[in-house]
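This is what each chain is made of:
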Amino acid sequence: MRKVQSLVIGAGPAGLAATIEIAKGGGEVVLIDENAKPGGQLFKQIHKFFGSKEHRAGIRGYDIGTQLLAETTSSGAEVLLDSPVYGVYPHNEGIMVSYLHREQEKALLAEKVILASGGMENTLSFPGSTLPGIMGAGCAQTMINVNRVLPGKKVIMVGSGNVGLIVSYQLMQAGADVLALIEGAPSIGGYGVHAGKIRRAGTPIKVSHTIKRALGENQVEAVEIVQVDDKFRPLAGTEEIIAADTVCIAVGLSPLTELAWLCGCEFTYIPLLGGHVPIHNENMETSVPGIYVAGDIAGVEEASTAMEEGRLAGIAVAQALGLYPPEEAVPLKEEVWNRLNTLRTGPFGQKRFDAKVELLQAAKGGN
Amino acid sequence: MNEGVKYTGIPSAEELKTCPGVVSVSRLEKGPVAVIECVQQIPCNPCEKACPFGAITVGQPITSLPVINEEKCTGCGLCIACCPGLAIFRVHKNYTETTSLVDFPFEYYPSPQEGSVVDCVGRDGQFITKGKVNKVKKNKQSDGTTVVSVEVPKKYCMEVRSIYRK
Ligand SMILES: Cc1cc2nc3c(=O)[nH]c(=O)nc-3n(C[C@H](O)[C@H](O)[C@H](O)COP(=O)(O)OP(=O)(O)OC[C@H]3O[C@@H](n4cnc5c(N)ncnc54)[C@H](O)[C@@H]3O)c2cc1C
Ligand code: SF4
Ligand code: SF4
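Residues numbered from 1 in each chain as written. Chains lettered and ligands numbered in written order. Predicted model: local features only at pLDDT ≥ 70, side-chain atom pairs only at ≥ 80, totals over all residues. Heavy atoms only, no water.

1. A short note on helix α3 (residues 137–145) of chain A
When α3 of chain A is considered as a whole, its buried residues turn out to be A137, G138, A140, Q141, I144 and N145 of chain A. Along α3 of chain A, the residues classed as buried sweep out an arc of 155 degrees about the axis, all on the same side. (Buried < 20%, exposed > 50% of the residue type's maximum accessible area, 1.4 Å probe, protein only. Helix = DSSP H or I, 4+ residues; strand = E, 2+ residues; numbered from the N terminus. Arc of directions from axis to C-beta.)

2. Here we look at the environment of E107 of chain B
Among the structural elements, E107 of chain B can be located in the loop between β5 (99–106) and β6 (117–121). Apart from the residues lying within four places of it in its own chain, the contact partners of E107 of chain B are R60, Y169 and Q173 of chain A together with L86 and T145 of chain B. Here the side chain of E107 of chain B touches R60 of chain A through a polar contact of 3.1 Å, side chain to side chain. (Contact = heavy atoms within 4.5 Å. Polar contact = N/O pair within 3.5 Å; in protein donor to acceptor, adjacent residues only side chain to side chain.)

3. A word on the site of ligand 3
All residues adjacent to ligand 3 are I36, C38, C44, P46, C47, P66, C83, P84 and I88 of chain B. Residue composition of the shell around ligand 3, grouped by class: 9 nonpolar, no polar and no charged. (Near = heavy atom within 4 Å. Nonpolar A, V, L, I, M, F, W, Y, C, P; charged D, E, K, R; others polar.)

4. Notes on the interface of chain A and chain B
If you look at the interface, chain A gives 38 residues, while chain B gives 39 residues. For the pairing of chain A and chain B, the buried interface totals around 3200 Å² over both sides, and the portion due to carbon and sulfur atoms is 52%. Interface area lost by chain A to chain B is led by K48, R199 and R200 of chain A, which between them contribute 23%. Summed over the shared surface of chain A and chain B, the number is 3 salt bridges. Of the charged contacts in the structure, one is a salt bridge between R165 of chain B and D177 of chain A, with a shortest N-O distance of 2.6 Å. Here chain A and chain B share 19 residue pairs in polar contact (both at pLDDT 80 or more) between them. At the level of elements, α4 (162–173), α5 (192–200), α8 (326–343) and α9 (346–363) of chain A are the ones that each hand at least two residues to the side of chain A that touches chain B. Looking at the side of chain A that touches chain B, the element that brings in the most residues is α5 of chain A, giving 7 residues. Considered class by class, the residues forming the side of chain A that touches chain B number 17 nonpolar, 12 polar and 9 charged. (Buried area = accessible area lost by both parts, 1.4 Å probe. Salt bridge = Lys/Arg side-chain N within 4 Å of Asp/Glu carboxyl O.)

5. A closer look at the side chain of E107 of chain B
With a relative accessible area of 14%, E107 of chain B lands in the buried category. A polar contact is formed between the side chain of E107 of chain B and the side chain of T145 of chain B, at a distance of 2.8 Å.

6. Considering the sheet that holds strand β1 (residues 33–36) of chain B
In spatial order, the strands read β1-β4-β5-β8-β7-β6-β9 (chain B); together these 7 strands make up an open sheet with antiparallel pairing. The open sheet terminates on both sides in strands that have one partner only, identified here as β1 and β9 (162–163) of chain B. (Pairing = 2+ DSSP bridges.)

7. Considerations on the pattern of salt bridges
Residues and elements named next belong to chain A. Per the counting criterion, the structure on display carries 26 salt bridges over all chains. Close ionic contact of E301 with R352 constitutes a salt bridge, the shortest N to O distance being 2.5 Å. Of this pair, E301 sits in the loop between β19 (291–293) and α7 (303–320) while R352 sits in helix α9; the two residues are 51 residues apart in sequence, bridging distant segments of the chain. The residue R311 makes a salt bridge to E308 at a minimum N-O spacing of 3.0 Å. Placement of the pair is R311 and E308 together in helix α7, with a separation of 3 residues, close to one helical turn. Taken together, the shared-partner salt bridges connect E301, E309, R344, R352 and K356 into one network.

8. Here we look at the site of ligand 2
Close contacts around ligand 2 come from 13 residues, with C51, C73, C76, G77 and C79 of chain B the closest. Its residues placed into classes, the shell around ligand 2 shows 10 nonpolar, 3 polar and no charged.

9. Some thoughts on the nonpolar core
Note that soluble globular proteins tend to have their nonpolar side chains buried in a common cluster. Counting 69 residues, the largest nonpolar core has M157, L171, I205 and C248 of chain A together with I88 and V150 of chain B as its most contacted members. Per element, the largest residue contribution to this core is 5 residues, and it comes from α4 of chain A. Contacts of I88 of chain B, omitting those with residues within four sequence positions, involve A34, V35, I36, C47, C79, I80, C83 and P105 of chain B. Counting 64 residues, the second-largest nonpolar core is a separate cluster that includes I9, V113, I291 and Y292 of chain A. (Core = buried A, V, L, I, M, F, W, Y, C linked by side-chain atoms within 4.5 Å.)

10. Concerning the sheet that holds strand β14 (residues 240–243) of chain A
By way of backbone hydrogen bonds, the strands of a sheet pair with one another, either parallel or antiparallel. All names here are of chain A. A sheet is described by the order of its strands in space; here 3 strands give the open sequence β12-β13-β14, paired in antiparallel fashion. Here the strands that pair on one side only, and so sit at the sheet edges, are β12 (209–215) and β14. Neighbouring strand axes in the sheet, compared pairwise and without regard to direction, differ in orientation by 30 degrees on average. As defined by bridge partners, β12 adjoins strand β13 (residues 222–227) across 6 bridges and the pair is classed as antiparallel. For I211, the partnering residue across the bridge sits in β13 and is I225. (Axes fitted to C-alpha atoms, helices over the stretch in contact; angles between N-to-C directions.)

11. Focus: the packing of aromatic side chains
Tallied over the full model, the rule gives 5 aromatic pairs over all chains. Each ring, one from Y191 of chain A and one from F348 of chain A, has its centre 4.8 Å from the other, and the planes form 80 degrees; the classification is edge-to-face. On the criterion of sequence distance, the pair formed by Y191 of chain A in the loop between β10 (177–182) and α5 and F348 of chain A in helix α9 is long-range, its members being 157 residues apart. A centroid spacing of 5.4 Å and a plane angle of 65 degrees characterise the contact between F106 of chain B and Y108 of chain B, whose relative ring orientation is edge-to-face. Exposure remark for Y108 of chain B: the relative accessible area of 8% places this residue in the buried category. Members of the aromatic cluster, joined through ring pairs, are Y169 of chain A together with F104, F106 and Y108 of chain B. Seen from the ring of F89 of chain B, R161 of chain B lies directly overhead, with NZ or CZ sitting 5.0 Å from the centre. Cation over ring: R165 of chain B sits above Y108 of chain B, and NZ or CZ is 5.6 Å from the ring centre. (Phe/Tyr/Trp six-rings, centres within 6.5 Å; stacked < 30°, edge-to-face > 60°. Lys NZ or Arg CZ within 6 Å of the ring centre and 35° of its normal.)

12. Focus: the pairing of strand β4 (residues 88–92) of chain B
Put simply, side chains in a regular strand alternate between the two faces of the sheet. Residues and elements named next belong to chain B. Most of β4 is tucked away: 4 of the 5 residues are buried. The pairing of β1 with β4 spans 4 bridges and is antiparallel. Its bridge partner being in β4, A34 is matched across the sheet by R90. Strand direction decides the pairing type here: β4 and β5, joined by 3 bridges, are antiparallel. Paired with R90 across the strands is D103, a residue of β5.

13. A look at unusual backbone geometry
For the peptide bond that leads from Q60 of chain B to P61 of chain B, omega is -10 degrees, which places it in the cis range. Along the chain, P61 of chain B falls in the loop between β2 (56–57) and β3 (67–68). Each neighbour pair has its own omega, and for Y109 of chain B with P110 of chain B the value is -10 degrees, a cis peptide bond. Following the sequence through the fold, P110 of chain B ends up in the loop between β5 and β6. Even without glycine at this site, E103 of chain A takes up a positive phi of about 65 degrees. Turning to its location among the elements, E103 of chain A is positioned in the loop between β5 (94–101) and β6 (104–115).

Here is the structure:
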């Protein structure tokens, strides 16, 4: 079996950044992704990103993806596409990674592996929720921005996190009308400036509201929404029926952790990070030696934090491979930590900072 | 009643009044100026780098609110398209005796026609007044974000923030 120094699974912002760092350190690295095109979530994000200039803020998601790809290509890293990984097995000679490529089973043996598989959308069940026309917001985003297909004309968005807000805006840019955005909590979850964009376009945001049921024969024709009290109990008499042909669900993401479970990583449960997350230390290394995590798999955050975590994991892997002496690696890692810490400030970031501290504590056996 | 951006997506009158990006009443009288309606601490700072005159400061931490220096701001409008939150506007209150110019980012197709009369809306998307499209700016630097300038009756210059999307 072919042996490589390091292998990165998932070519989103975390995986790309990790790959670039390992290659910069002089390491041999293979980057694997299941898609035909690398970039992860970035290529469907047509909006300008937040963050600081170092995180390429103000630049559109797909342009960030293009830049990272160019850096990856010029770094000399090997990129394997169309290759879903189905197994990661720690082994006495290294870590075996099995994947499919054009229906053929293949495997590589790596000294170090970084899992950067990202997250997946949560779903919501309600009467009628299996009707055609009801889909994840990320799915609708892929349809409009990658495949250029409008899923419908009259959309109801459920969930006011940044994904719900941004996808609502992008659906309108693509030519649909977003008739209402409903949110169960008493306040908007995402950034006010994103909410402001859809308000200016005339979309009402109804907080303390939930979807009661979807109506329709062969596809959604209308939805019934209802106001809820502070314990999320529907308030009788507040029901409202809105004619719609599409319902998008944006109720959060969960880390995509199957591979981490499979190779025996220890987990902890932190709702703020999206649920079960593999425990990792300051080097992003999990409880299984040689296996690292970065990005949404290590707690759902943002592309900017995913890139920084990827860099961190990449530097740590390069150091573990003996490519950097500690006196070089430590300041490099410190720089990344400083940037991560500033990204995790403010009313939105502080909670994630605390949650990440909890995760690091778990690695120290605290909990 | 608008309880604020966290509940409605629209900054309340109080939030706008205390917002360090929103200029004073006296500055508005003096000529075109940026109005930065960014009232929530989020990790973001491209506006700071966008201003060639150093009139916008975010500083550290990156979640601080952008602060406008109303003396330094020349009203050039370059910052409008650089804000990923689409939260920066330019207001030229005394454009004529009776009208003002309001510039805002617009990322929908089709772009309005220069010279045409359009329906102008407020922060809640509701109709406020008719206005005349004075300019439609689109260049490489603004990276796909069109900046539209509408001429509206003076009394609406701090209310009009967009136009109907077609
Ligand atoms: C609508 C929306 C708007 C957003 N806006 C912003 C924003 O403005 N600013 C910001 O900073 N962030 C934003 N984000 C968040 C950001 O996109 C994510 O946090 C970021 O993409 C996570 O990066 P990642 O590398 O961890 O995962 P991903 O980008 O999800 O990449 C993971 C990759 O791994 C692949 N993969 C998974 N499992 C396997 C396997 N078994 N085998 C092979 N390949 C696999 C996936 O197919 C994917 O390509 C937004 C997200 C969404 C959905
Ligand atoms: S309008 Fe011009 S001078 Fe004023 S803040 Fe914006 S970029 Fe700076
Ligand atoms: S760029 Fe826009 S959203 Fe970001 S801090 Fe500046 S004004 Fe606020």
